[in-house]
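Inside the fold
Listed below, chain by chain, are the residues.
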Amino acid sequence: MISDTCICAAVRRAGRDVTSLYDTALAPSGLTVTMFRVLKSAHALEGASITRLARALDLERSTLGRNLRVLERAGFARLADGEDERARVIRITPQGQAALARGQKLWQQAQALMLEKLGQDAEVLLPMLQRLTHIAEGDKT
């Protein structure tokens, strides 16, 4: 029998709860999981433009802009002029580097906890979430 539970509501609730778990784990670093994700990608794509970083994170440019303002206010990142005067690039500050280093260890602990709790279900969950994304984007395969 198929449950009457709304798939959308269940996925949204799980997303909020998992985000909360990672946010709590990362709190000692001064980062949320969103801040951590943006800093980690900015570090990996050192000197990337806002547009390039938004594409890498699969975020709209305006959403990334809001996230970057939070990082700037916290002193973790700054926007600078790129080689092309029209492009702004993201630079991680020394304070941001330190927070990212602390956050990496805390994220690894949260990730290990999630993998431990999920066990073999993790091998099913991640592909299933990717499939949900494809379905939502219109790929019915």
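Here's what I pulled together on the structure shown here. (Residues numbered from 1 in each chain as written. Predicted model: local features only at pLDDT ≥ 70, side-chain atom pairs only at ≥ 80, totals over all residues. Heavy atoms only, no water.)

Of regular secondary structure, the protein possesses six helices and two strands. Taken from N to C terminus, the helices and strands of the protein fall in the order α-α-α-α-β-β-α-α. When burial is assessed residue by residue, the protein has 26% of its 141 residues classed as buried. Across the protein, the fraction of contacts at a sequence separation of at least 24, relative to all contacts at a separation of at least 6, is 49%. (Helix = DSSP H or I, 4+ residues; strand = E, 2+ residues; numbered from the N terminus. Buried < 20%, exposed > 50% of the residue type's maximum accessible area, 1.4 Å probe, protein only. Contact = heavy atoms within 4.5 Å.)

Let's shift gears to the pattern of salt bridges. Where charged atoms from two side chains of opposite charge approach closely, those side chains can pair. One pass over the full model with this rule turns up two salt bridges. One salt bridge connects D17 with R13, and the closest N-O pair in it is separated by 3.2 Å. Taken together, the positions of D17 and R13, both in helix 1 (residues 7-26) and four residues apart, correspond to about one turn of that helix. Judged by its relative accessible area of 43%, D17 is partly exposed. Salt-bridge contacts for R88 lead to D81; the nearest nitrogen and oxygen are separated by 3.0 Å. A relative accessible area of 34% places R88 in the partly exposed class. Overall, D81 belongs to the exposed group, its relative accessible area being 56%. (Salt bridge = Lys/Arg side-chain N within 4 Å of Asp/Glu carboxyl O.)

On the surface, I7, V11, V124, L125, L126, M128, L129, L132 and I135 cluster together to form a nonpolar patch covering roughly 730 Å² of accessible area. The greatest single-element share of the nonpolar patch, amounting to seven residues, is contributed by helix 6 (residues 121-136). Mapped onto the secondary structure, I135 falls in helix 6. Overall, I135 belongs to the partly exposed group, its relative accessible area being 33%. (Patch = residues over 30% accessible without salt bridge, like charges linked within 9 Å, V, L, I, M, F, W, Y side chains within 5 Å. Areas by Shrake-Rupley, 256 points an atom, 1.4 Å probe, with all protein chains shown as cover.)

Now for the layout of surface pockets. Counted as a void, the largest pocket has a volume near 1300 Å³. Every residue lining the largest pocket is counted, 30 residues in all, and those nearest its centre are G15, V18, T19, L126 and L129. Sorting elements by how many residues they give to the lining of the largest pocket places helix 6 first, with nine residues. (1 Å grid on protein atoms, 1.4 Å probe; cavity = no way out; pocket = protein on both sides within 12 Å on 5 of 7 lines; lining within 4 Å. Points joined across faces, edges and corners; volume = space filled by probe spheres on them.)

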